[in-house]
Amino acid sequence: MEAEEEARRAKEAGNDAYRKLFLETAVDHYTRGALLDPRDISFLTNRAAAYLLMGKHKECVRDCDDALERGRELRADKKLIARALSRKASALLKLAACAGDYAPAIRALRQSLAEHHSEETLAKLEEAESARKELEEQERLDREAADHHRGKGNEFFKQKKYHEAAMHYTQAMKMNPKDPRLFSNRAQCHIYLGALPQGLEDADKCIELDPTYLKGYVRKAKVQFLMENYENALETYLEGLRCDPNNLEVLDELRRCEACIKRPNGGDVELEDLKEMLKLYLEHMINEDIDESSAEGLCSAESYAKANEMLIQVKVLGTKKTFWRLSDETTRISRKLALILRNHHSVGKRLTAPLQVSNVWIGSSGCVKLRGVSFTDKHFGIKCVRDDYRYLSRVLLALIRISSRDITKLPWGCKKFLSLLPPDYKEFLMLLKSDTLTMDDEFLIVNNSALLPMTNRTEVFLMLYDRIVTYLGREPVGRAKKNRILSRLPYENDWLDTAIANEQIKQWVVNVQNQYEVTQLDQLRLNRNVRSHMHQYNDDNIEEILYCEWPELLMDMVKMLHVEGELEGTDIQNKFG
């Protein structure tokens, strides 16, 4: 009882100090009270309020989280739980630096209202949602302006006007400071202008923004090489190889570094130990997907297919329809196997024997390995590349067939099974079997839209939309490419009817018949608007609706960009999770 009385006095003293804005004193009293009576979570929420006024927003969030955890354990009053959630949201809103940062705050406010309705909290939620919407629109405009300056910078760069190009990249950074491409591009300008320290600074910032972006490492290593820091340049190139283990440009630069490195005694002698290290590293990167051990956690692909549904049936919101799609795990396995082949082809090696289902092993952690296979550089050529991918198509189809045994065992099952495969995956399998496949097409294989995780499809669509509509629309050559791509997109006549027929899409699009014309550009615009502004359902539902209604749209966007030589200019290779 004595402790409770002391805790009560501490709370009163804290509240009195809080009202007088003696916030440090209030924090001290609330801290003492929380120690005396740990069952009373109001000490934590009160201290959080003091931290909020002091501008210590992270400390406020921490106290609110502690109050929520303790309050739920003790089954505290719902009003206290709601207060902690609302206060946490207030701190998160203060910490928000971009539209995406509003999501956890809005989620906390909704949870607060679910615990206890409050007009104040409701007003705060509406204000936060409105602010996020405005910020999203501003960020969109900033991105468009940044893309414009980046495009101008690229034009000046092509003309070798590096100072002017750097100025435009700098303007773009002011509007989109989180785009690593801008820092990479400006770093290259600095290199050509001889401003190596500035180039190094930009390259470091590029890597900081996106540690998977290879060009950041290439720029940094180039500066280090020009500064004659060959050992550092070699280490940076090795780091960059983790982004793309078989990048030929990086491999060539590694060998240049190796040739320039000097021993401590000043002799111009190549370091054999570094040469051996480089050789071992590259061999490891090339062969890391070949596993001949009996490591635990790996099961045969056949066992995996029998235990997991690779082809799944999905109900489509807004209709009475269902459709079939491949699980994200299946598309990930497909891409990993294609990457293994591409990695070996990039160094002139091919399979010595046809790939079989029995060669594929899958780990519990999601890794994919090959067993019982070998690669050789003998008689390597495009025919061997085509054969390797043809074997892969058979393996993938066999695995999906094994997984779908409940369908295929029926008399009509084999025919039915093939008809259930999504159109984009059928197209992917046809590409693997193509008799006209080229080495350039390997980029399309491993970055095929059919292999994208469902949750990443909107991000990729918006990226490709900007490439086609915004980037290619700036100059005559680009506009010609844009028009060719638009003219060959599917659903030329029926896409608007499809949008109106789906109740979910229809309710998201006001006056759809007046807003959109039956043109391919408006089809993309509708998809962009639906993907950008639908918040009523989670991302998976949005993706599945659009994937079901227009399954070939993203597929053809990717394919046509590849045909026009524009796909590699996007960031699609980093969108597969």
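None of these values were measured; they are calculated from a predicted model.

## Describing the overall build of the protein chain
Okay, so step 1: The number of helices and strands found in the protein chain is 29 helices and 7 strands.
Okay, so step 2: In the protein chain, buried positions account for 49% of the 577 residues.
Okay, so step 3: Only carbon and sulfur atoms are counted for the fraction: they give 49% of the accessible area of the protein chain, which is about 29200 Å².

## Describing the packing of aromatic side chains
Each aromatic ring pair is specified by the distance between its two centres and by the angle formed by the two planes.
Okay, so step 1: Applying the stated criterion to the full structure yields 7 aromatic pairs.
Okay, so step 2: The interplanar angle of 75° and the centroid separation of 5.9 Å between the aromatic rings of Phe 323 and Tyr 547 together place this pair among those described as edge-to-face. Here Tyr 547 lies in helix 28 (residues 539-549) and Phe 323 lies in strand 3 (residues 322-326), a separation of 224 residues in the sequence. Just as Phe 323 is buried, Tyr 547 falls in that class too.
Okay, so step 3: Consider the rings of Tyr 425 and Phe 428, whose centres lie 5.5 Å apart with planes at 50°: the pair is tilted.

## Digging into the pattern of salt bridges
Okay, so step 1: All chains considered together, the criterion is met by 35 salt bridges.
Okay, so step 2: A salt bridge links Asp 204 to Lys 220, with the shortest nitrogen-to-oxygen separation between them at 3.1 Å. With Asp 204 in helix 10 (residues 196-209) and Lys 220 in helix 11 (residues 214-226), this residue pair connects regions lying 16 residues apart in the sequence.
Okay, so step 3: Judged by its relative accessible area of 33%, Asp 204 is partly exposed.
Okay, so step 4: Through salt bridges with shared partners, a single ionic network connects Glu 5, Arg 8, Arg 9 and Glu 12.

## Here we look at the pairing of strand 5 (residues 360-363)
Okay, so step 1: Examined bridge by bridge, strand 1 (residues 298-300) and strand 5 share 3 bridges and lie antiparallel to one another. Bridge pairing in strand 5 places Cys 299 opposite Ile 362.
Okay, so step 2: The pairing of strand 5 with strand 6 (residues 368-370) spans 3 bridges and is classified as antiparallel. Looking across to strand 6, one finds that Trp 361 is bridged to Lys 369.

## A look at the pairing of strand 3
Okay, so step 1: Note: strand 2 (residues 311-315) against strand 3, 5 bridges, orientation antiparallel. Following the sheet pairing, Val 314 is matched in strand 3 by Phe 323.
Okay, so step 2: Linking two consecutive strands that pair antiparallel, namely strand 2 and strand 3, is a turn of 6 residues; a positive phi of about 90° is found at Gly 318 within it.

## What about helix 10?
Okay, so step 1: Over its 14 residues, helix 10 extends 20 Å from the first C-alpha to the last, a length consistent with the 20 Å expected when each residue adds 1.5 Å.
Okay, so step 2: For helix 10, the complete set of buried residues consists of Leu 196, Gly 199, Asp 202, Ala 203, Cys 206 and Ile 207. Around the axis of helix 10, the buried residues are gathered within 140° of arc, so they sit on the same side. Structural note: helix 10 exposes Pro 197, Glu 201 and Glu 208 on the side pointing more than 90 degrees away from its buried face.
Okay, so step 3: Tucked into the core, helix 10 has its buried residues touching helix 9 (180-193) and helix 11.

## So, the sheet that holds strand 1
Okay, so step 1: The 3 strands lie next to each other as 1-5-6, forming an open sheet whose pairing is antiparallel. For this open sheet the edge positions go to strand 1 and strand 6, each flanked by a neighbour on one side alone. Averaged over all pairs of adjacent strands, the angle between their axes in this sheet comes to 35°, without regard to strand direction.

## Thoughts on the packing of helix 7 (residues 119-158) against helix 9
Okay, so step 1: In the contact formed by helix 7 and helix 9, the axes pass within 11 Å of each other and the chain directions differ by 25°. Considering the angle they form, helix 7 stands roughly parallel to helix 9. Judged by the twist between their axes, the crossing of helix 7 over helix 9 is left-handed. Note on element contacts: helix 9 touches helix 7 through Arg 181, Leu 182, Asn 185, Gln 188, Cys 189 and Tyr 192, opposite Asp 147, Arg 150, Asn 154 and Phe 157.
Okay, so step 2: Classifying every residue of the contact of helix 7 with helix 9 by side-chain character gives 4 nonpolar, 3 polar and 3 charged.

## Observations regarding the packing of helix 3 (residues 42-54) against helix 5 (residues 78-95)
Okay, so step 1: Packing of helix 3 against helix 5 leaves a shortest axis separation of 10 Å and a crossing angle of 20°. If you check the angle between helix 3 and helix 5, you find them roughly parallel. In the packing of helix 3 onto helix 5, the handedness of the crossing is left-handed. Across the interface between the two elements, Ser 42, Thr 45, Asn 46, Ala 48, Ala 49 and Leu 52 of helix 3 pack against Leu 80, Ala 84, Arg 87, Ser 90 and Ala 91 of helix 5.

## Focus: the side chain of Asp 202
Okay, so step 1: Locating Asp 202 in the fold gives a position in helix 10.
Okay, so step 2: Of the residues examined, Asp 202 reaches a relative accessible area of 4% and is grouped as buried.
Okay, so step 3: The residues touching Asp 202, leaving out its near neighbours within four places in the chain, are Phe 183, Arg 186, Ala 187 and His 190.

## With respect to unusual backbone geometry
Okay, so step 1: If you check the backbone angles, Glu 228 has positive phi at about 65° while not being a glycine.
Okay, so step 2: Residue classification places Glu 228 among the exposed positions, given a relative accessible area of 55%.
Okay, so step 3: In this structure, Tyr 491 is a non-glycine residue whose phi angle is positive, near 60°.
Okay, so step 4: For Tyr 491, the position within the fold is in the loop between helix 23 (476-487) and helix 24 (495-501).

## Concerning helix 3
Okay, so step 1: Look at helix 3: 18 Å from first C-alpha to last across 13 residues, which is about the 18 Å you get at 1.5 Å a residue.
Okay, so step 2: Extensive coverage of helix 3 is indicated by the burial of 10 of its 13 residues.
Okay, so step 3: Buried residues of helix 3: Ser 42, Phe 43, Leu 44, Thr 45, Asn 46, Arg 47, Ala 48, Ala 49, Ala 50 and Tyr 51, and no others.
Okay, so step 4: Those residues of helix 3 that are buried are in contact with helix 1 (2-19), helix 2 (23-36), helix 4 (57-74) and helix 5.
Okay, so step 5: Just downstream of helix 3, Gly 55 is the residue with a positive phi angle, here 80°.

## Structural notes on the environment of Ala 166
Okay, so step 1: As for its position among the elements, Ala 166 is in helix 8 (residues 162-175).
Okay, so step 2: Taking relative accessible area as the criterion, Ala 166 reaches 8% and is therefore assigned buried.
Okay, so step 3: Sequence-distant contacts of Ala 166, defined by excluding residues within four places in its chain, comprise Arg 186 and Cys 189.

The rules behind each value
Residues numbered from 1 in each chain as written. Predicted model: local features only at pLDDT ≥ 70, side-chain atom pairs only at ≥ 80, totals over all residues. Heavy atoms only, no water. Helix = DSSP H or I, 4+ residues; strand = E, 2+ residues; numbered from the N terminus. Buried < 20%, exposed > 50% of the residue type's maximum accessible area, 1.4 Å probe, protein only. Areas by Shrake-Rupley, 256 points an atom, 1.4 Å probe, with all protein chains shown as cover. Phe/Tyr/Trp six-rings, centres within 6.5 Å; stacked < 30°, edge-to-face > 60°. Salt bridge = Lys/Arg side-chain N within 4 Å of Asp/Glu carboxyl O. Pairing = 2+ DSSP bridges. Expected span 1.5 Å × (residues − 1). Arc of directions from axis to C-beta. Contact = heavy atoms within 4.5 Å. Axes fitted to C-alpha atoms, helices over the stretch in contact; angles between N-to-C directions. Parallel < 35°, antiparallel > 145°, perpendicular 65-115°, else oblique. Left-handed = near helix turned anticlockwise from the far one by under 90°. Nonpolar A, V, L, I, M, F, W, Y, C, P; charged D, E, K, R; others polar.

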